[in-house]
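# Examining the three-dimensional arrangement
The primary structure of each chain is shown beneath.
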Amino acid sequence: MPILIDGHNLIGQMPDIELSDPDDEAKLVAKLRRYAARKRGRKLVVVFDGGVYGHPQNLNGYGVETRFAKPPQTADHELIRQIRAIRRREEWLVVSSDRAIVGEAQVRGISVISAQEFARRLQALDQPRVNARDKRADRPLSKAEIEEWLKFFGVDEDEDTHYY
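Residues numbered from 1 in each chain as written. Predicted model: local features only at pLDDT ≥ 70, side-chain atom pairs only at ≥ 80, totals over all residues. Heavy atoms only, no water.

This brings us to the packing of helix α2 (residues 24–37) against helix α5 (residues 115–124). At a minimum axis distance of 10 Å, the contact between α2 and α5 shows a crossing angle of 75°. Regarding the angle of α2 to α5, the classification is roughly perpendicular. Contacts between α2 and α5 pair Leu28, Lys31, Leu32 and Tyr35 from the former with Phe118, Arg121, Leu122 and Gln123 from the latter. (Axes fitted to C-alpha atoms, helices over the stretch in contact; angles between N-to-C directions. Helix = DSSP H or I, 4+ residues; strand = E, 2+ residues; numbered from the N terminus. Parallel < 35°, antiparallel > 145°, perpendicular 65-115°, else oblique. Contact = heavy atoms within 4.5 Å.)

As structure tokens, then:
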């Protein structure tokens, strides 16, 4: 499912990226690339307002296409233009919390997810993944195992200290 993203709207919901950071777009794109890489063939299109002078305009690659609105247009205008151009509406998802963008997508029958919810999904990528095998290995030691480790480390069992 291709995803059309309101870039600065999403950055405003990311706890580890500041809109005032001159590299905020590049930081978001790095996270989006990680998200795209988790599913082969995933396509993300992120739209930003015009970048800062000297900002690298080409952040494309690894499943992410970036677009900067050309002044005097805004990212909102560009997003609405792109939403109107979508042909296979059932295949797309729009990420934004901007009422105008959300409304335009909904009128055309395109699925929408809030920037807050998508930010949570991106943040989840930074959480360590625990698989079932690791969970099974993480269990309390039995009394016999504790006694074995005490012997291994040379702790005298006759001492008055209890470890279990």
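On to the side chain of threonine 66. As for its placement among the helices and strands, threonine 66 is situated in strand β3 (residues 64–68). Looking at threonine 66, the relative accessible area reads 7%, which means it is buried. A polar side-chain atom of threonine 66 sits 3.5 Å from the main-chain amide nitrogen of leucine 59. (Buried < 20%, exposed > 50% of the residue type's maximum accessible area, 1.4 Å probe, protein only. Polar contact = N/O pair within 3.5 Å; in protein donor to acceptor, adjacent residues only side chain to side chain.)

All right, on to the sheet that holds β3 then. Strand order in the open sheet formed by five strands is β3-β2-β1-β4-β5, and the pairing between neighbours is parallel. The open sheet has two edge strands with one neighbour each: β3 and β5 (111–113). Along the sheet, successive strands turn relative to each other by an average axial angle of 20°, direction set aside. Direction of pairing for strand β4 (residues 93–95) relative to β5: parallel, over a ladder of three bridges. (Pairing = 2+ DSSP bridges.)

For the rest of this paragraph, the subject is the packing of aromatic side chains. Taken as a whole and assessed by the stated rule, the structure comprises three aromatic pairs. Between the aromatic rings of tyrosine 35 and phenylalanine 118, the centroid separation amounts to 5.0 Å while the plane-to-plane angle is 70°, which identifies the pairing as edge-to-face. Of this pair, tyrosine 35 sits in helix α2 while phenylalanine 118 is found in helix α5, placing the two residues 83 residues apart along the sequence. Across this residue pair, the class does not change: tyrosine 35 and phenylalanine 118 are buried. The ring centre of tyrosine 35 lies 4.2 Å from the NZ or CZ of arginine 42, which sits over that ring. (Phe/Tyr/Trp six-rings, centres within 6.5 Å; stacked < 30°, edge-to-face > 60°. Lys NZ or Arg CZ within 6 Å of the ring centre and 35° of its normal.)

Let us look at unusual backbone geometry. The omega torsion of the bond from proline 71 to proline 72 falls at 15°, within 30 degrees of zero and hence cis. Note on placement: proline 72 falls in the loop between β3 and α3 (75–85). Positive phi, close to 60°, is recorded for tyrosine 62, a residue that is not glycine. For tyrosine 62, the position within the fold is in the loop between β2 (44–48) and β3. Judged by relative accessible area, tyrosine 62 falls into the exposed class, the value being 67%.

A word on the packing of α3 against helix α4 (residues 99–107). One can describe the packing of α3 onto α4 by two numbers: an axis separation of 10 Å at closest approach and a directional angle of 5°. On the basis of their axis angle, the class for α3 and α4 is roughly parallel. Residues Asp76, Leu79, Ile80, Ile83 and Arg84 of α3 pack against Ala100, Ile101, Glu104 and Ala105 of α4. For the contact of α3 with α4, the residue count by class is six nonpolar, no polar and three charged. (Nonpolar A, V, L, I, M, F, W, Y, C, P; charged D, E, K, R; others polar.)

Moving on to the pairing of strand β1 (residues 3–6). Neither face of β1 is open: one carries Ile3 and Ile5, the other Leu4 and Asp6, and all of them are buried. The pairing of β1 with β4 spans three bridges and is classified as parallel. Opposite leucine 4, over in β4, you have valine 94 as the bridge partner.

Throughout the structure, instances matching the rule amount to nine salt bridges. The salt bridge involving aspartate 16 is made with lysine 31; its shortest N-O contact spans 2.9 Å. Within this pair, whereas aspartate 16 is found in the loop between α1 (7–11) and α2, its partner lysine 31 is found in helix α2, the two being separated by 15 residues in sequence. Between arginine 121 and glutamate 117 there is a salt bridge whose closest N-O contact spans 3.8 Å. Of this pair, arginine 121 and glutamate 117 both sit in helix α5, separated by four residues, roughly a single helical turn. Via salt bridges that share partners, Arg84, Glu104 and Arg108 belong to a single interconnected network. (Salt bridge = Lys/Arg side-chain N within 4 Å of Asp/Glu carboxyl O.)

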